[in-house]
Amino acid sequence: MVALAAALVVVIDERSPAPVAASSPTGSAYAPSSSGTGGYSSGSPSAAPSTSAGDARACGALNQYGRAFYVETYRPVMLRGRGGYVTMDFDPIRLAAQLGVLDIKLDSATLADASQPVRNALQDAADDAGSLAQAYANVRVYGGRAPELTPIITSFTEALTSCTSAGYQPSYFNISEIAGR
């Protein structure tokens, strides 16, 4: 049995948007829930800039379907790549599956009623995920060089930031850890 891993290079660009925390008068806007929603609570804080049901649905999809990509790919890249380039090995089929789920689940029907900033950020993440999912599947089948993950790292950061700013921070997103504080 031959193990195949794709090496990739990610550029952590100083110009990329840094994650920012949404503020609320009571501290954390959303505490993890035990209601079977995967740790995401869709209640709305009084100080959140957006409380639309569309944002809750869209960010809820990111919370539910972005976890695997965040834990297995995004977080390790962000923690190892502070201030420059990082090369890491990933299983291309596993990465293609993570990205494919984001592409399929962050669809136009899910995003239709979200506010423009949330809709645009999540649509960009879905578009980047879709194109990279196919590219990584092709690396596994045909070989060749793995594409950079910079586009999905950037758009996923924007999606996390947008949902957090709207008051719907994904339960797995630890802003302090990623920001290095």
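Residues numbered from 1 in each chain as written. Predicted model: local features only at pLDDT ≥ 70, side-chain atom pairs only at ≥ 80, totals over all residues. Heavy atoms only, no water.

J.: What should I look at first to understand the packing of aromatic side chains in this one?
T.: This model, assessed by the stated rule, comprises five aromatic pairs. Where Phe69 meets Phe156, the ring centres are 5.0 Å apart and the plane angle is 80 degrees; that geometry is what we call edge-to-face. Here the residue Phe69 occupies a position in helix H2 (residues 67-80), and Phe156 occupies one in helix H6 (residues 150-165), the gap between them amounting to 87 residues. Each member of the pair, Phe69 as well as Phe156, carries the same accessibility label: buried. Aromatic pair Tyr70 and Tyr172: ring centres 4.9 Å apart, planes at 45 degrees, arrangement tilted. Placement of the pair is Tyr70 in helix H2 and Tyr172 in the loop between H6 and helix H7 (175-179), with a sequence separation of 102 residues. Each of the two residues, Tyr70 as well as Tyr172, counts as buried. Counting every residue linked through ring pairs, the aromatic cluster contains Phe69, Tyr70, Tyr74, Phe156, Tyr172 and Phe173. (Phe/Tyr/Trp six-rings, centres within 6.5 Å; stacked < 30°, edge-to-face > 60°. Helix = DSSP H or I, 4+ residues; strand = E, 2+ residues; numbered from the N terminus. Buried < 20%, exposed > 50% of the residue type's maximum accessible area, 1.4 Å probe, protein only.)

J.: What's the story with the nonpolar core in this structure? I'm lost.
T.: Taken as a class, soluble globular proteins show a tendency for nonpolar side chains to be buried jointly. Ranked by internal contacts, the top residues of the largest apolar core, which has 44 residues, are Leu62, Phe69, Tyr74, Leu122 and Phe156. For this core, the secondary structure elements donating two or more residues are helix H1 (53-65), H2, strand E2 (85-90), helix H3 (92-105), helix H5 (116-142), H6 and H7. Beyond its immediate sequence surroundings of up to four residues, Phe156 is in contact with Leu62, Gly66, Phe69, Tyr70, Tyr74, Leu102, Ala125 and Tyr172. (Core = buried A, V, L, I, M, F, W, Y, C linked by side-chain atoms within 4.5 Å. Contact = heavy atoms within 4.5 Å.)

J.: In this structure, what is going on with the environment of Ala53? I would like to understand it.
T.: With respect to the secondary-structure elements, Ala53 resides in helix H1. You can call Ala53 exposed: its relative accessible area is 54%. Sequence separation between Ala53 and Asp113 is 60 residues, and the spatial gap between their C-alpha atoms is 7.6 Å.

J.: What should I look at first to understand the side chain of Thr157 in this one?
T.: By secondary structure assignment, the location of Thr157 is in helix H6. Residue class for Thr157 comes out buried when judged on its relative accessible area of 4%. A polar atom in the side chain of Thr157 sits 2.7 Å from the side chain of Tyr74. (Polar contact = N/O pair within 3.5 Å; in protein donor to acceptor, adjacent residues only side chain to side chain.)

J.: Is there a simple way to explain the state of the cysteines in this structure?
T.: By definition, a disulfide is the covalent link that joins the sulfur atoms of two cysteine residues. What the rule picks out here adds up to one disulfide. There is a disulfide in this structure between Cys59 and Cys163, and the S-S distance comes to 2.1 Å. Taking the sign of the S-S torsion, -90 degrees for the link of Cys59 and Cys163, the bridge is left-handed. With Cys59 in helix H1 and Cys163 in helix H6, this residue pair connects regions lying 104 residues apart in the sequence. You'll find Cys59 and Cys163 in the same group, each marked buried. (Disulfide = S-S within 2.5 Å.)

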